[in-house]
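Residue-level listing of the chains:
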Amino acid sequence: MTGITGLSKKNTFVLTVRDSDVIAAALRQALAGASPEERPGLERAAALVESTSAANEGRLRAHWVRSRLDAVGFTGDPTSVAAVRALRQAEPRLSLLAAVHLQKEAVAHPE
């Protein structure tokens, strides 16, 4: 799970919270006792968790920004003022400074 915390008018930082290590450990434990039929699916799931847990925080925040823009139906230029406005519409507690910072990270880390 990727969560973003620290959003408020008083804060200009965003902290990324991840629990992929807990999920990876659970998948490894499940693999240890898995039947031959279950192994391929669990191995694929473990590989996905490992690949996403390797993503740096900037990439995670960029993904979060794109998901929030998608949630409000924004399809315009991600470098525009309208993108910042849409991001703040999606997350009303987000300060202007934090929204601009997040917008820059999303532009710096395209999908």
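Below you will find a few notes about this structure. (Residues numbered from 1 in each chain as written. Predicted model: local features only at pLDDT ≥ 70, side-chain atom pairs only at ≥ 80, totals over all residues. Heavy atoms only, no water.)

A few words now on the nonpolar core. Counting 14 residues, the largest nonpolar core has Val-65, Leu-69, Leu-87, Leu-94 and Leu-102 as its most contacted members. Where this core is concerned, the elements lending two or more residues are α3 (57-71), α4 (81-90) and α5 (96-108). When residues no more than four places from it in sequence are discounted, the contact partners of Val-65 are Leu-87, Leu-102 and Ala-106. Within the second largest apolar cluster, seven residues are counted, among which are Ala-24, Leu-27, Ala-34 and Ala-46. (Core = buried A, V, L, I, M, F, W, Y, C linked by side-chain atoms within 4.5 Å. Buried < 20%, exposed > 50% of the residue type's maximum accessible area, 1.4 Å probe, protein only. Helix = DSSP H or I, 4+ residues; strand = E, 2+ residues; numbered from the N terminus. Contact = heavy atoms within 4.5 Å.)

With that settled, the discussion passes to α3. When the terminal C-alpha atoms of α3 are compared, their 21 Å separation across 15 residues agrees well with the 21 Å that a helix rising 1.5 Å per residue should span. What α3 keeps buried is the set Gly-58, Leu-60, Arg-61, Ala-62, Trp-64, Val-65, Arg-66 and Leu-69. Looking one or two places after α3, you find Gly-73, whose phi comes out positive at around 75°. (Expected span 1.5 Å × (residues − 1).)

Take the packing of α4 against α5 next. Taken N-terminus to C-terminus, the directions of α4 and α5 make an angle of 120°; their axes are 9 Å apart at the nearest point. Between α4 and α5 lies a crossing whose hand is right-handed. Every residue of α5 that contacts α4 at Ala-83, Val-84, Leu-87 and Arg-88 is listed here: Leu-96, Ala-99, Val-100, Leu-102 and Gln-103. (Axes fitted to C-alpha atoms, helices over the stretch in contact; angles between N-to-C directions. Left-handed = near helix turned anticlockwise from the far one by under 90°.)

Once that is clear, we can look at the pattern of salt bridges. Note that side chains of opposite charge can pair when their charged atoms are close. The full count for this structure, using the stated rule, is three salt bridges. Residue Glu-105 is joined to Arg-61 by a salt bridge in which the shortest nitrogen-to-oxygen separation is 2.6 Å. Separated by 44 residues along the polypeptide, Glu-105 in helix α5 and Arg-61 in helix α3 bring together distant segments of the chain. Across this residue pair, the class does not change: Glu-105 and Arg-61 are buried. (Salt bridge = Lys/Arg side-chain N within 4 Å of Asp/Glu carboxyl O.)

α4 packs onto α3 with a crossing angle of 80° between their chain directions and a minimal axis gap of 9 Å. The angle between the axes of α3 and α4 places the two elements in the roughly perpendicular class. Across the interface between the two elements, Trp-64, Val-65, Arg-68 and Leu-69 from α3 touch Ala-83, Ala-86, Leu-87 and Ala-90 from α4. When the residues that make up the contact of α3 with α4 are grouped by side-chain class, the tally is seven nonpolar, no polar and one charged. (Parallel < 35°, antiparallel > 145°, perpendicular 65-115°, else oblique. Nonpolar A, V, L, I, M, F, W, Y, C, P; charged D, E, K, R; others polar.)

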